[in-house]
There are 2 protein chains.
Amino acid sequence: MKHVVIVGGGFTGITAARELGNKPDIRVTLIDRKNYHLFQPLLYQVAMSALGAGDIAEPLRNMLSRYQNITVFKGVVESIDPEQKTVHTDFGELTYDYLILACGVKHHYFGHEEWEEFAPGLKTIAQATEIRRRVMEAYEAAERTSDPVIRKKLLTFVIVGGGPTGVELAGSIGEMSRHTLSKFYRNIDPKLTRIFIVEAAPRILGAFAPELASRASRALENLGVQIWSSSMVNNVDKNGVQIGNERIEASTVLWAAGVRAVSLGSKMGAEVDRSGRIIVEEDLSVPGYPEIFCGGDQAHFAHHTEYPLPGMAPVAMQQGRSIGKNILNDIKGKTRKMFRYKDKGQMATIGRNKAIVEVGRLKFDGAPAWLTWLLVHIYYLTTFKHRILVLMQWGWSYFTFGHGARLIVNKEWRFYPDKKPCTTQNEKPD
Amino acid sequence: MKHVVIVGGGFTGITAARELGNKPDIRVTLIDRKNYHLFQPLLYQVAMSALGAGDIAEPLRNMLSRYQNITVFKGVVESIDPEQKTVHTDFGELTYDYLILACGVKHHYFGHEEWEEFAPGLKTIAQATEIRRRVMEAYEAAERTSDPVIRKKLLTFVIVGGGPTGVELAGSIGEMSRHTLSKFYRNIDPKLTRIFIVEAAPRILGAFAPELASRASRALENLGVQIWSSSMVNNVDKNGVQIGNERIEASTVLWAAGVRAVSLGSKMGAEVDRSGRIIVEEDLSVPGYPEIFCGGDQAHFAHHTEYPLPGMAPVAMQQGRSIGKNILNDIKGKTRKMFRYKDKGQMATIGRNKAIVEVGRLKFDGAPAWLTWLLVHIYYLTTFKHRILVLMQWGWSYFTFGHGARLIVNKEWRFYPDKKPCTTQNEKPD
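Residues numbered from 1 in each chain as written. Chains lettered and ligands numbered in written order. Predicted model: local features only at pLDDT ≥ 70, side-chain atom pairs only at ≥ 80, totals over all residues. Heavy atoms only, no water.

Draft legend 1. Main features of the overall build of chain A. The number of helices and strands found in chain A is 13 helices and 25 strands. In terms of overall dimensions, chain A is globule-like: its C-alpha atoms have a radius of gyration of 22 Å, near the 22 Å expected for 430 residues. Projected onto its principal axes, the C-alpha positions of chain A cover 70 × 60 × 45 Å. For chain A, contacts bridging at least 24 residues in sequence account for 64% of all contacts bridging at least 6. Only carbon and sulfur atoms are counted for the fraction: they give 53% of the accessible area of chain A, which is about 17,200 Å². Taking the average place of the 54 positive charges on the side chains of chain A and the average place of its 45 negative ones, the gap between the two points comes to 6 Å. (Helix = DSSP H or I, 4+ residues; strand = E, 2+ residues; numbered from the N terminus. Rg over C-alpha atoms; globule rule 2.2 N^0.38 Å. Contact = heavy atoms within 4.5 Å. Areas by Shrake-Rupley, 256 points an atom, 1.4 Å probe, with all protein chains shown as cover. Lys, Arg positive; Asp, Glu negative; His and termini not counted. Charge placed at Lys NZ, Arg CZ, Asp CG, Glu CD.)

Shown next, in the form of structure tokens:
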């Protein structure tokens, strides 16, 4: 009986687990900080009130309950000892025969971690809720104030980073301010909302073909989004951002720029790139440790590709499947198969009927792209129930021009703001 | 043009606002701490993962947008000067011709406010999320531990208070542990969950007829709920509750006992009962101030009734309507109509196919009562979209015996844990 430990329940972890589920002579332990798998590509829709958290997240236990050989623990992996084949967690030690690292990335402020306070990123449900709170609170405060300077600042939103997430955030704020919010406020005109995308590269959506990116730029501009490319952010504070000698006064700044892999890889002694990602072998194993695999955003895979593979759900899923199959190959005494990424293309959405799709040499935008985006995302949403619920919410929003529940959930629960939950604290004697 | 200020967007506030919406010579300002109206009777379902927050909450702006004469502010009323007819808020002063107080109640720990940390109540979405987190974290921690004593404590839940909320919480935990969770855990048997209702009175559901309450007790016992009646809680700490000389070790304690009206009424100088509720006149005005009304949970109305009217949604809605109509009567020069409560009965649900309904002398339980409960709650859910979404979620849960998204949303966003949101802070110069 081989023991496979999977760290992380994202696309890589869950796909690998399913590959190994109910297979003979294998038991699997999956560990995640959270108790749910998150459909990250739609997280910005939670931030923008179009979907609820429950629509895009599913408890890991539900997803894996049919596999009798898989145990799920909600816990934190603190370190890995690859020589002893041991994982140290906050609830004890686990030894493994195979280890799969799939811990993903978190936001990276290029050495200015103090900016996070003023410019939250979008990786978790809590961050999405916080972004929603900030955006909606800005409109509420603008409605209350009578000072035009303060009002202008409150109605200014800066998004740092012009990749798909930055574009999706900017597009949603633009659409919400133009189409949804106007009838709800009496003292302000939400159409006056100013939205900026600040991108260091010469253009936004650098991973897409230039003509598609420029079509996306035009669609964004129609929603009132101003694109500042070739613009480096020098400073972020609670009143706005500094870009060289220029300054934008904004009460809401969102971060969609750099990411960095979690430190587990470098702490283990594996070779990492400058984003902290583990540089993996062609079979996705960690050099020197054939029993340790790494996939998804945490892995730097650059075999037979010009650039390292990007941090996208399709890459993560294909890698999870490959890792699972290679562990099965090992156990059966077969040789491992090298990983090859099957490029299924990429897409980004800007708003209602506006998206861009690039599949190989095929490029298209507008309503057909938007419909493609919609169908692909609905298809990949894991459970049947989620698909129907999300379709319904979107259908409702499409026909009513409404965004879902723009609830501001205040952090009014005042105990244990930074501590661990008391149930786990209780486990240790005082 | 008469200015009506409404404090609170609950059932009373929203009903009164609708009564006054688009009426000539009236402008209305509604102020609430939150930006949404909450369908409180279903809040326990959010706590128990059966529904998401967005299913039972609707932004106040959406609900009132069709009334051009209503302005909504998200803000906090700090005090009221009834002589100057002025409301002091955190965003400035407002003068009124009519004032409607509908601020509701919060939990009350009988002088032991320090218990709140160990036994959260259920009045807000944040509290529901916190209760969900504690309940689900307890199961997660039980799955991780190997100590049988700690495991037993983790699988013990105490609910203080045997009114409808306490019964609904206990019933849902019972049902979840018996029917839903068992297939998801490998190391624990969720069926071993112990659930206690601790009630000071001789029986639970004191507002219901004794035979109905005892049928509810039997249904609860079938779900493994132990009812300790005539039991006063002497102490609550992080390891459990003390009841006289007896003690229950539990890592999760929930509070569904006392409530107390917010202090705005007593601070204003109005006569209040010992729960802080304003003792109102027969037309729901505050004695001495015919232009100030009070309704809903915050009001103590005891005209022509044996007991003061209970804190229930139907009472609050009828009172809101009555207040709105009487303000219109005043403006038209007509005489006010005294408030009479039309008793539409009461109900409580225990679980799947288990509920009790009491309408006048008609009393029934079991599946017919549960169906009645379902239809009434669906009917009163405010918007068409919510009704369909909730029906779908419930339908799904009913046929799959599943509970919705049991997501534990950690409070990982670490900035401003106790401060006001930064957007409003920005309004004040440093």
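Draft legend 2. Local environment of the sheet that holds strand S9 (residues 98-101) of chain B. Residue and element names in this part refer to chain B. Spatial ordering of the open sheet is given by S5-S2-S1-S9-S21-S20, a layout of 6 strands whose pairing is mixed. The sheet is open, and its two edges are formed by strand S5 (70-74) and strand S20 (285-286), each paired on a single side. Judged from the 5 bridges that link them, strand S2 (residues 26-32) and S5 form a sheet pairing that is parallel. Its bridge partner being in S5, Leu30 is matched across the sheet by Val72. Against the sheet, helix H10 (residues 313-332) touches strand S1 (2-7), S2, S9 and strand S21 (289-294), its axis set at about 170° to S9. (Pairing = 2+ DSSP bridges. Axes fitted to C-alpha atoms, helices over the stretch in contact; angles between N-to-C directions.)

Draft legend 3. Summary view of the sheet that holds strand S12 (residues 194-198) of chain A. Residues and elements named next belong to chain A. Pairing within the open sheet is parallel, and its 4 strands lie in the order S13-S12-S11-S17. Lying at the two open borders of the sheet, with one neighbouring strand each, are strand S13 (225-228) and strand S17 (252-255). Within this sheet the neighbouring strands show an average axis-to-axis angle of 20°, counted without direction. The sheet strands contacting helix H5 (residues 125-144) are strand S11 (156-160) and S17, and the helix crosses S17 at an angle near 160°. Across the sheet, helix H8 (residues 210-222) is in contact with S12 and S13; its angle to S13 comes to roughly 135°.

Draft legend 4. Structural detail: the UniProt feature "domain: FAD/NAD(P)-binding" (unreviewed entry) in chain A. Using the residue numbers shown here, the UniProt feature "domain: FAD/NAD(P)-binding" (unreviewed entry) corresponds to residues 3-320 of chain A. Helix makes up 30% of residues 3-320 of chain A and strand makes up 27%, while its end C-alpha atoms are separated by 17 Å. (UniProt positions renumbered as here; feature names shortened; annotations may be inferred.)

Draft legend 5. Layout of unusual backbone geometry. Residues other than glycine seldom take positive phi values, yet Asn353 of chain A does so here, at roughly 65°. If you trace the backbone, Asn353 of chain A turns up in the loop between strand S23 (346-351) and strand S24 (354-359).

Draft legend 6. Examining the domain arrangement of chain A more closely. Residue and element names in this part refer to chain A. Looking at chain A, the domain boundaries give domain 1 (2-33 + 75-107 + 259-332) and domain 2 (113-257 + 352-400). The straight-line distance from the C-alpha centre of domain 1 to that of domain 2 is 32 Å. Each side of the interface is counted separately: domain 1 has 6 residues, and domain 2 has 9 residues. Looking only at domain 1, the three residues that lose the most surface to domain 2 are His107, Val259 and Met317, adding up to 76% of its buried area. If you look at where domain 1 meets domain 2, you find 0 salt bridges. Summed over the shared surface of domain 1 and domain 2, the result is 1 residue pair in polar contact (both at pLDDT 80 or more). (Domains from an automatic or database assignment. Buried area = accessible area lost by both parts, 1.4 Å probe. Salt bridge = Lys/Arg side-chain N within 4 Å of Asp/Glu carboxyl O. Polar contact = N/O pair within 3.5 Å; in protein donor to acceptor, adjacent residues only side chain to side chain.)

Draft legend 7. Local environment of a positive patch on the surface. Taken together, the side chains of Arg321, Lys337, Lys342 and Lys344 of chain A present a region of like positive charge at the surface. Mapped onto the secondary structure, Lys342 of chain A falls in the loop between helix H10 (313-332) and S23. (Patch = residues over 30% accessible without salt bridge, like charges linked within 9 Å, V, L, I, M, F, W, Y side chains within 5 Å.)

Draft legend 8. Geometry of the packing of aromatic side chains. Applying the stated criterion across every chain yields a total of 20 aromatic pairs over all chains. Here the aromatic residues Tyr109, Phe110, Trp115 and Trp255 of chain A are joined through ring pairs into a cluster of three or more. (Phe/Tyr/Trp six-rings, centres within 6.5 Å; stacked < 30°, edge-to-face > 60°.)

Draft legend 9. Here's a closer look at the pattern of salt bridges. Under the defined criterion, the tally for this structure stands at 26 salt bridges over all chains. Of the charged contacts in the structure, one is a salt bridge between Arg61 of chain A and Glu140 of chain B, with a shortest N-O distance of 2.7 Å. Separated into two different chains, Arg61 of chain A in helix H4 (residues 60-64) and Glu140 of chain B in helix H5 (residues 125-144) make up a pair that spans both. Residue Arg61 of chain A is classed as buried on the basis of its relative accessible area of 5%. Here Glu140 of chain B falls in the buried class, since its relative accessible area comes to 2%. Through salt bridges with shared partners, a single ionic network connects Arg61 of chain A together with Glu140 and Glu143 of chain B. (Buried < 20%, exposed > 50% of the residue type's maximum accessible area, 1.4 Å probe, protein only.)

Draft legend 10. Representation of the confidence of the model for chain A within the structure. On average, residues of chain A score 89 in pLDDT, and 92% of them reach the 70 mark or higher. Taken as a whole, residues 412-430 of chain A scores under 50 in pLDDT and shows 46 contacts with residues more than four places along the chain or in a different chain. (pLDDT = per-residue confidence, 0-100.)

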